[in-house]
Amino acid sequence: MPPLAAARLALLLSLALAAVPTVRAQAPDTLRLGAVLDALYADNPTLAAERLDARALARRGDQVGALPDPTASVMVAPYPILTARGTQRSQWRVEQMLPWPGTLGLRRDAADARAEAARWGGDATALDLARRATRAYADLVRTQEAADVVRAFQARLGAFAEAAAVRYEVGRGPQGAVLQVQLERQRLDERLITLARERDAAVQTLARVLDRPALTVGRVVAI
């Protein structure tokens, strides 16, 4: 083997064996799970509507448990009317309805029960949305880390491919190694495409949960 080819082969082999994945610096727009959940609790319209209904129902008990408003009536006669109290042209009346004993208490209890059910419903909705958001975030972390591993291996595979090509050119290596590298490259490319689709699906889930159709996600921090 010529000295130049041997030196090149040794260099490529050393790169293939020594290459390791580099750790990326955390970007300023890195997404964290805590920020996702905070945005969910603050901005999700479904959750906000259920909490608003619960607060409204919480005030319903005082309303249905109170006595009905008194009614006042005035009667004016065109001519004076002789009554037991003398001649009068108008009569004033104020009435207060008294419900059957216990009715108001039952109404209040029923309203409080509906308010409690509404609060529990809001909590259940919050937990379900948080579960969906956490699962989508975990998918983002998984696809991100898997893609990093695939790209790191692609870099090592590139160095190995050059080394295999040099060995084949100088007659020191089989052609099968070159073909195997090509097949592995294709498999890794397909794996990255699959991971990208899974990542897009996770981003879309987060966008729906957060009610942010134009949501974009950069790097994410592992949970």
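Described below are features of the structure shown in this document. (Residues numbered from 1 in each chain as written. Predicted model: local features only at pLDDT ≥ 70, side-chain atom pairs only at ≥ 80, totals over all residues. Heavy atoms only, no water.)

## What to know about the side chain of Asn-44
Piece 1. Positionally, Asn-44 belongs in the loop between helix 2 (33-43) and helix 3 (45-58).
Piece 2. Engagement of the side chain of Asn-44 in a polar contact is seen with the backbone nitrogen of Thr-46, the distance being 3.1 Å.
Piece 3. Excluding residues that lie within four positions of it along the chain, Asn-44 makes contacts with Ala-39, Leu-129, Arg-208 and Val-209. (Helix = DSSP H or I, 4+ residues; strand = E, 2+ residues; numbered from the N terminus. Polar contact = N/O pair within 3.5 Å; in protein donor to acceptor, adjacent residues only side chain to side chain. Contact = heavy atoms within 4.5 Å.)

## Details of helix 2
Piece 1. Every buried residue belonging to helix 2 is among Leu-33, Val-36, Leu-37, Ala-39 and Leu-40, and all of these are buried. Projected down its long axis, helix 2 carries its buried residues within an arc of 160°, all on one side. Structural note: helix 2 exposes Asp-38 and Ala-42 on the side pointing more than 90 degrees away from its buried face. (Buried < 20%, exposed > 50% of the residue type's maximum accessible area, 1.4 Å probe, protein only. Arc of directions from axis to C-beta.)

## Describing the environment of Val-94
Piece 1. With respect to the helices and strands, Val-94 occurs in strand 2 (residues 86-95).
Piece 2. Take Val-94: its relative accessible area is 68%, and that puts it in the exposed class.
Piece 3. C-alpha of Val-94 to C-alpha of Thr-71: the two residues are 23 residues apart in sequence and 5.6 Å apart in space.
Piece 4. Residue contacts for Val-94: discarding those within four places in its chain leaves Pro-70, Thr-71 and Ala-72.

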